[in-house]
Number of protein chains: 2
Amino acid sequence: MSDFSMVELIERKRDGDVLSADELRWIIEQDTADRIPDYQMSSLLMAIVLNGMTAAELGPWTEAMLHSGDVVHLDHVAAPKVDKHSTGGVGDKASIPLAPLVAACGVAVPMMSGRGLGHTGGTLDKLETIPGFRTALDPTEFVSIVERHGMVLAGQSETMVPADRRIYALRDASGTVPSIDLISSSIMSKKLAEGLDALVLDVKVGSGAFMKEAEQATVLAETMVRIGASHDTEVVALLTDMDQPLGRAVGNANEVVESIEVLRGNGPADLVEITLRLGEEMLLVGGVVADRAEARKRLELAIDSGAALDKFREVVAAQDGDPSVVDDTSLLPQADHRQELVAARNGFVTHLDALAVGVAAVRLGAGRRTKADVIDPAVGFELVAKRGDSVEVGDPLVRVAYTSEAQLNSAIDVLTSAWVIGDEAPGEIPLVLGEVR
Amino acid sequence: MSDFSMVELIERKRDGDVLSADELRWIIEQDTADRIPDYQMSSLLMAIVLNGMTAAELGPWTEAMLHSGDVVHLDHVAAPKVDKHSTGGVGDKASIPLAPLVAACGVAVPMMSGRGLGHTGGTLDKLETIPGFRTALDPTEFVSIVERHGMVLAGQSETMVPADRRIYALRDASGTVPSIDLISSSIMSKKLAEGLDALVLDVKVGSGAFMKEAEQATVLAETMVRIGASHDTEVVALLTDMDQPLGRAVGNANEVVESIEVLRGNGPADLVEITLRLGEEMLLVGGVVADRAEARKRLELAIDSGAALDKFREVVAAQDGDPSVVDDTSLLPQADHRQELVAARNGFVTHLDALAVGVAAVRLGAGRRTKADVIDPAVGFELVAKRGDSVEVGDPLVRVAYTSEAQLNSAIDVLTSAWVIGDEAPGEIPLVLGEVR
């Protein structure tokens, strides 16, 4: 491969030029090999944040990132391979019931998830509250669990997409995070390295999401769908509401309990609906059903028959977790103390702010401020009153499971402002705000 | 001083916010103390290149830079202290005759200059062709030469404006050079650290200058004048033509010869005129004359009387140079070989491209590609035909003094394209294109 001058490439990006596929590939390859100083990468990243990248640039840039390390090969698995990715929210545990539900319907789900940071929770943290459950799998294990069980719930191996890890750390430290192009290429490089046939995206919109407005979220979704197309991978994105948390449980162990409830057919309506809508899309892009109605029927049957719950029990065991948890959730970590927050007036919950709940969860110990923080698996919230519910003075709004009094008080400081109670019932916000395909 | 989060400050600059004086001062202080990683400074610099800085930001930013190291104190010198700075061009040796000329008229000139890089030459490189001449002076020497001789011609001490040195090196390596705000603060921090009462700027415009268009050059001049005002220092800028080189000599030793010719009253018309115009401004802002006419008379008298040449001889000796050079320029380095380039047709020189001549000079060995390059003091060009001159086939356009055949050929490759000969005499371009005060 020819050699370029990094300073010249930075200057061209700075001046609004479009870089060629060869040039973009060269940057990623050189950076991954530690041959580009961080101060050059960070000035390039700032130029990208401010000047953007074209679709023609994002394809090769993402492709180079996804090939910067090991790539999962699942061609020998006959079933269609489909994953789902959420851009992160509060109380969003949909991945956990979704993967076994879809796998029970004949679509393989080689799912790689992340950890929580800031006000958004992480699937790995939740799964690891199951005693023994291992999310750090080596590539051979990862593939063999997919082969045997049609799904896996793991973290990303250190040997995959090193380019993204380097760039992400640098963006975090150099003020270059909020770029739809950089966010899209980061997500898509990781997902496309899983050896997928298709991908369903859950792009969250609202106070608890990275994207506060539907307009931005749509651009993000479109950008990721386009990157998928340039990789010949079908990508479908649903834009879903994250103005209030999803479901009633926010924490870690309690979110696993709620996920199991979905698989038992007893989940909260919003979480069940989002899970089924995402599941429909996964069966559709996986090509195992003819239409949405058939997809819905198959998914409901997998719940009613217990096949989805069986699949989850099977995978928990395959990843060294205690499968009896699935039938007795009291085996999961439980906090010693409970406290209720109650309504101060009669009325309707007109707003339940996902961001405030997420921040309170971090303060309670359920989330991380920095990557080095250790989370408490047992603490969390049960959101008793959600948007649209009518409450009377003294009715519980939330039940807090806590370990330390100091964490409780710090959490309550922000939690109390999360509920707005008014005289009129609020208008309904649809769960699915839009779709991009 | 309070502590700020560098990532937050970068984010705010990225998002178009205005940083406070305290925040800007903190950045410069922390960076000078090596407490900010280069990858954060470079992403901040890229945000500044793309989003700019306001006048309210540039003042404290420049002030913090100029105070990042030693500052020259010349308050005890009774004469007004005035320096001149040029933004760099080809054949621009005006500093060399100007400083003794102005000093001979009673204005102290504590001049700090730079080295050549790329197609623009540097005053220090030229002065150092005088056998023994030392430009590296410690601060005590610098001040004492000004005290005794009313002028000095030195490089900047390593202990001065370290913030600029750090930032400049990083800009060079991170694609963040072309920002009028960063260029202005770099120049002004160095100049204001010289302890000046006033400053005259020569902002070059044209192919051989950093600013190709008068519009950009005007913005640069206005920005520097504003920074001067915020430091309570009068700054006057002349915009002058650098579409063709200044004078007839381009090189190093030969530019000293031409400078001495100006002091003898025999300089080429354009160089003499620029020197006198800049001199007028220096005497005016120095407050030693009532008006431009008086200034012109004083300057012409200093040349005619030999006072300016005497002052130069005196300073050469004070800085350990061989003063007999001033009266016998054959003592300066001379190249062994000469070659002429001649006109291929009859007509008028309609264009003489300063950039091409500057690039050819680097190839000849008279300039540096990188800071580590060593220059050959003896080589250079004598531009025989300049813009507007009429030439006939076979008339010399340029005489090249060279050391190596390879360098000669490489220089001629670009040099031949520097002259454009047409049928009609070109319109005149004024030497001084504008002024900002």
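The rules behind these values
- Residues numbered from 1 in each chain as written.
- Chains lettered and ligands numbered in written order.
- Predicted model: local features only at pLDDT ≥ 70, side-chain atom pairs only at ≥ 80, totals over all residues.
- Heavy atoms only, no water.
- Pairing = 2+ DSSP bridges.
- Helix = DSSP H or I, 4+ residues; strand = E, 2+ residues; numbered from the N terminus.
- Axes fitted to C-alpha atoms, helices over the stretch in contact; angles between N-to-C directions.
- Contact = heavy atoms within 4.5 Å.
- Buried < 20%, exposed > 50% of the residue type's maximum accessible area, 1.4 Å probe, protein only.
- Core = buried A, V, L, I, M, F, W, Y, C linked by side-chain atoms within 4.5 Å.
- Least-squares fit on C-alpha atoms with pLDDT ≥ 70 in both.
- Buried area = accessible area lost by both parts, 1.4 Å probe.
- Salt bridge = Lys/Arg side-chain N within 4 Å of Asp/Glu carboxyl O.
- Polar contact = N/O pair within 3.5 Å; in protein donor to acceptor, adjacent residues only side chain to side chain.
- Nonpolar A, V, L, I, M, F, W, Y, C, P; charged D, E, K, R; others polar.

**Q** Explanation requested: the sheet that holds strand E9 (residues 380-383) of chain A in the structure shown.
**A** Strands in a sheet are paired, the pairing made by backbone hydrogen bonds, and the direction either parallel or antiparallel. Residues and elements named next belong to chain A. Across the sheet, which stays open at both edges, the four strands sit in the order E6-E9-E11-E7 with antiparallel pairing between neighbours. At either end of the open sheet lies a strand with only one pairing partner, and these are strand E6 (249-251) and strand E7 (337-342). Across the sheet, the mean angle from the axis of one strand to that of its neighbour is 20 degrees, orientation sign disregarded. Most of the contacts of helix H11 (residues 253-263) go to E6, to which it runs at about 145 degrees, and overall it touches E6 and E9. Across the sheet, helix H16 (residues 405-415) is in contact with E7, E9 and strand E11 (396-402); its angle to E11 comes to roughly 150 degrees.

**Q** Sorry, what's going on with the pairing of strand E1 (residues 82-86) of chain B here?
**A** Regular strands place their side chains on alternate faces of the sheet. Counting buried positions over the five residues of E1 of chain B gives five, a clear majority of the element. What you see with E1 of chain B is no split at all: Val 82, Lys 84 and Ser 86 of chain B on one side and Asp 83 and His 85 of chain B on the other are buried throughout.

**Q** Honestly, the nonpolar core in this entry has me stumped. Any pointers?
**A** In summary, soluble globular proteins display a tendency toward joint burial of nonpolar side chains. Among the nonpolar cores identified, the biggest contains 122 residues, and Ile 27 and Trp 61 of chain A together with Ile 27 and Trp 61 of chain B are the most heavily contacted of them. If we ignore the near neighbours within four places in the chain, the residues touching Ile 27 of chain A are Met 6, Leu 9, Leu 19, Ile 36, Met 41, Leu 44 and Trp 61 of chain A. Met 282, Ala 343, Tyr 402 and Leu 415 of chain A belong to the second largest nonpolar core, which has 83 residues in total.

**Q** I'm lost on the relation of the copies chain A and chain B in this one. Help?
**A** Mapping between the two chain copies consists of a rotation about an axis together with a translation along that axis. With an RMSD of 0.1 Å, the fit of chain A onto chain B corresponds to turning through 179 degrees and sliding 0.1 Å along the axis. Accordingly, the operation relating the two chain copies is best matched by a two-fold axis. When C-alpha distances to the rotation axis are compared across chain A, the minimum falls at Tyr 39 of chain A, with a value of 1.9 Å. Most of the interface of chain A is mirrored in chain B, where 100% of its interface residues again form contacts.

**Q** Please clarify how the sheet that holds strand E8 (residues 347-352) of chain A should be interpreted in this entry.
**A** All names here are of chain A. Read across the sheet, three strands follow the order E10-E8-E12 without closing on themselves; strand pairing throughout is antiparallel. The two strands at the open ends of the sheet, each matched to only one other strand, are strand E10 (390-391) and strand E12 (419-422). With two bridges connecting them, E8 and E10 associate as antiparallel partners. From the neighbouring strand, Gly 347 faces E10, where its bridge partner is Val 391.

**Q** Is there a simple way to think about the interface of chain A and chain B in this case?
**A** A common way to report how large an interface is uses the accessible area buried once the components associate. In this complex, chain A contributes 22 residues to the contact, which on the side of chain B involves 22 residues. Across the chain A to chain B interface the summed buried area is about 1600 Å²; carbon plus sulfur atoms make up 71%. Scanning the region where chain A abuts chain B turns up zero salt bridges. At the junction of chain A and chain B, the tally comes to nine residue pairs in polar contact (both at pLDDT 80 or more). Elements with a minimum of two residues in the side of chain A that touches chain B: helix H1 (6-14), helix H3 (38-51) and helix H8 (162-174) of chain A. The biggest single contributor to the side of chain A that touches chain B is H3 of chain A, with 10 residues. Partitioning the side of chain A that touches chain B into residue classes produces 11 nonpolar, seven polar and four charged.

**Q** Got a minute to help me understand the pattern of salt bridges in this structure?
**A** Once the charged atoms of two side chains with opposite charge are near each other, the side chains can pair. If you walk through the whole model with that rule in mind, you get 82 salt bridges over all chains. Here Asp 423 of chain A ties to Arg 345 of chain A by a salt bridge, and the two come within 2.3 Å at their closest N and O atoms. Separated by 78 residues along the polypeptide, Asp 423 of chain A in the loop between E12 and strand E13 (432-436) and Arg 345 of chain A in the loop between E7 and E8 bring together distant segments of the chain. Judged by its relative accessible area of 62%, Asp 423 of chain A is exposed. Judged by its relative accessible area of 33%, Arg 345 of chain A is partly exposed. Salt-bridge contacts for Arg 115 of chain B lead to Asp 125 of chain B; the nearest nitrogen and oxygen are separated by 3.0 Å.

**Q** Before we go on, may I ask you to explain the side chain of Thr 135 of chain A in this structure?
**A** Residues and elements named next belong to chain A. Here Thr 135 lies in the loop between helix H6 (123-127) and helix H7 (139-149). Taking relative accessible area as the criterion, Thr 135 reaches 3% and is therefore assigned buried. For Thr 135, the residues in contact, after removing those within four places along its chain, are Arg 115, Leu 124, Leu 127, Glu 128, Leu 153, Ala 154, Gly 155 and Gln 319.

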